[in-house]
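Residue-level listing of the chains:
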Amino acid sequence: MAALGWLTPRRRSATARSVLAGEASAEAARKTALVEAGAGAPAVEAPLEEPPAEPEFPVAGDDLAAAFFDLDNTVMQGAAIFHFGRGLYKREFFQRRELARFAWQQAWFRLAGVEDPEHMQDARDSALSIVKGHKVSELMAIGEEIYDEYMAERIWPGTRALAQAHLDAGQKVWLVTAAPVETATIIARRLGLTGALGTVAESVDGVYTGRLVGEPLHGPAKAEAVRALAAAEGLDLARCAAYSDSHNDIPMLSLVGHPYAINPDTKLRKHARTNDWRLRDYRTGRKAVKVGVPAAAGVGAIAGGAAAAIALHRRRK
């Protein structure tokens, strides 16, 4: 019966740490968006020509509305954190045994379906101990290269077209992910989106301290981040849209007036049908298997900040 708790956000309410994580992520996202805007329009990939599936939505000129997109298996095939890990492994940031351990933890999370507190704490502490002392700028620069190598070709065209429809309507579009906020910001910038909400790791003078701000941006914490950002931006959540593939994001999807299930897992598909939410599936086959290693929604994000991108890897001296 425990698994049924994911079918409704009431079974796992927001904690003080998830509220803190959400507020920290919203603040980081707004600051980054302002910096990007001040730097001028970035070079982005040309938008696709595919028209929005429903011409009546989004409503053009509705500046009280925005769109929030989950990342893994919603915007991107597979898990961003895993693709980032591949690039770091190629650059000898960590050893093969650590890559195997990382992959196993992701598989365990997906198979279990829920986070075991002790397991999560162990993985989180391990990752953060490796992150400590690394420069934010170093991982951001590497992240740009890795996006081109592994991520750009894995963006779902259908989901990207949905995001573009909101942008064309004059609305802001945000990624909302348990992945590190720095990694998410790179992807958002490359796609021409407004910004990103992600897990925030503490840094002092541009160097990671090895501590998270709150907790990974997962489940209820995502909803808190969206709520905080909407309040700061003056948005009407009833007029906003949210998109996700995972039942873990039901709290976030339930916040908005226009929830979409994109490439949904079994539990989200059932919940969406019960609640008359819109569904979109861009995978090959109705019951297509998710591409690549399962999303590291809980385990992958434990590293927080760009730090999570190097979860369980150690630079060779």
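For the structure itself, consult the block above.
Residues numbered from 1 in each chain as written. Predicted model: local features only at pLDDT ≥ 70, side-chain atom pairs only at ≥ 80, totals over all residues. Heavy atoms only, no water.

Visitor: Which residues make up the overall build of the protein chain, and what values do they have?
Guide: Counting its secondary structure elements, the protein chain contains ten helices and eight strands. Classification of the 317 residues of the protein chain by burial places 57% in the buried group. A total accessible area of about 13700 Å² is found for the protein chain, and carbon and sulfur atoms account for 54% of it. (Helix = DSSP H or I, 4+ residues; strand = E, 2+ residues; numbered from the N terminus. Buried < 20%, exposed > 50% of the residue type's maximum accessible area, 1.4 Å probe, protein only. Areas by Shrake-Rupley, 256 points an atom, 1.4 Å probe, with all protein chains shown as cover.)

Visitor: How would you sum up the sheet that holds strand β7 (residues 258–262)? Please name residues and give values.
Guide: With parallel pairing, six strands are arranged side by side in an open sheet as β3-β2-β1-β6-β7-β8. If you trace the sheet from one side to the other, it starts and ends with β3 (195–199) and β8 (278–280), each paired once. Along the sheet, successive strands turn relative to each other by an average axial angle of 20°, direction set aside. For strand β6 (residues 241–244) and β7, the ladder comprises four bridges, and the chain directions are parallel. Paired with Ala241 across the two strands is His258, which belongs to β7. (Pairing = 2+ DSSP bridges. Axes fitted to C-alpha atoms, helices over the stretch in contact; angles between N-to-C directions.)

Visitor: Lay out empty space enclosed by the protein with the relevant residues and their values.
Guide: By the definition in use, this model includes five cavities of 30 Å³ or more. When its volume is computed, the second largest cavity comes out at roughly 70 Å³. For the lining of the second largest cavity, the element with the highest residue contribution is helix α6 (residues 157–168), accounting for five residues. (1 Å grid on protein atoms, 1.4 Å probe; cavity = no way out; pocket = protein on both sides within 12 Å on 5 of 7 lines; lining within 4 Å. Points joined across faces, edges and corners; volume = space filled by probe spheres on them.)

Visitor: Break down the environment of Met76 for me, citing the residues and quoting the values.
Guide: The residue Met76 is located in the loop between β1 (66–69) and α2 (80–90) in this model. Between the alpha carbons of Met76 and Ile187 there is a distance of 9.7 Å; along the sequence they are 111 residues apart. Beyond its immediate sequence surroundings of up to four residues, Met76 is in contact with Leu71, His83, Met151, Arg154, Ile155, Trp156 and Ile187. (Contact = heavy atoms within 4.5 Å.)

Visitor: Kindly report on unusual backbone geometry, identifying the contributing residues and their values.
Guide: Despite not being glycine, Asn73 has its phi angle at roughly 65°, a positive value. Structurally, Asn73 is set in the loop between β1 and α2. Assessed through its relative accessible area of 2%, Asn73 is described here as buried. Even without a glycine there, the phi angle at Asp276 is positive, about 60°. One can find Asp276 in the loop between α10 (266–274) and β8. Of the residues examined, Asp276 reaches a relative accessible area of 69% and is grouped as exposed.

Visitor: Outline the packing of helix α5 (residues 136–151) against helix α7 (residues 181–190), supporting the account with residue identities and numerical values.
Guide: Think of two packed helices as two axes; the pair is described by the angle between the axes and how far apart they sit. Axis separation between α5 and α7 bottoms out at 9 Å; the angle between their running directions is 50°. With respect to α7, the axis of α5 lies oblique. The way α5 lies across α7 gives a crossing that is right-handed. The segment α5 lies against α7, with Val136, Met140, Gly143, Glu144, Tyr147, Asp148 and Met151 engaging Glu182, Thr183, Ile186, Ile187, Arg189 and Arg190. Here the contact of α5 with α7 is built from residues that sort into six nonpolar, two polar and five charged. (Parallel < 35°, antiparallel > 145°, perpendicular 65-115°, else oblique. Left-handed = near helix turned anticlockwise from the far one by under 90°. Nonpolar A, V, L, I, M, F, W, Y, C, P; charged D, E, K, R; others polar.)

Visitor: Kindly report on the pairing of strand β4 (residues 201–204), identifying the contributing residues and their values.
Guide: Every regular strand shows the same layout, with side chains that alternate between the two sheet faces. For β4 and strand β5 (residues 207–212), the ladder comprises three bridges, and the chain directions are antiparallel. Looking at the pairing, Ala201 lines up with Leu212 of β5. What sits between the antiparallel neighbours β4 and β5 is a turn of two residues, in which Asp205 has the positive phi angle 55°.

Visitor: Explain the pattern of salt bridges to me, using residue names and the numbers behind them.
Guide: Opposite charge on two side chains allows them to pair when their charged atoms are near. What the rule picks out here adds up to 14 salt bridges. For the salt bridge of Lys222 with Asp70, the shortest nitrogen-to-oxygen distance reads 2.7 Å. Remark: Asp70 occurs in the loop between β1 and α2 and Lys222 occurs in helix α8 (residues 220–233); sequence separation between them is 152 residues. Overall, the relative accessible area of 4% leaves Lys222 in the buried class. Between Glu202 and Arg211 there is a salt bridge, with its nearest N and O atoms 2.5 Å apart. For Arg211, a relative accessible area of 48% corresponds to the partly exposed category. Via salt bridges that share partners, Glu144, Asp148, Arg189 and Arg190 belong to a single interconnected network. (Salt bridge = Lys/Arg side-chain N within 4 Å of Asp/Glu carboxyl O.)

Visitor: I'd like a description of the side chain of Asp72, backed by residues and values.
Guide: Inspection of the secondary structure puts Asp72 in the loop between β1 and α2. Despite its burial, Asp72 pairs with no opposite charge; the closest candidate is Lys222, at 7.4 Å N-O. Within the structure, the side chain of Asp72 is placed 2.9 Å from the backbone nitrogen of Ala80, a separation counted as a polar contact. (Lys, Arg positive; Asp, Glu negative; His and termini not counted. Polar contact = N/O pair within 3.5 Å; in protein donor to acceptor, adjacent residues only side chain to side chain.)

So far we have only geometry, and geometry alone does not tell us how the molecule works.
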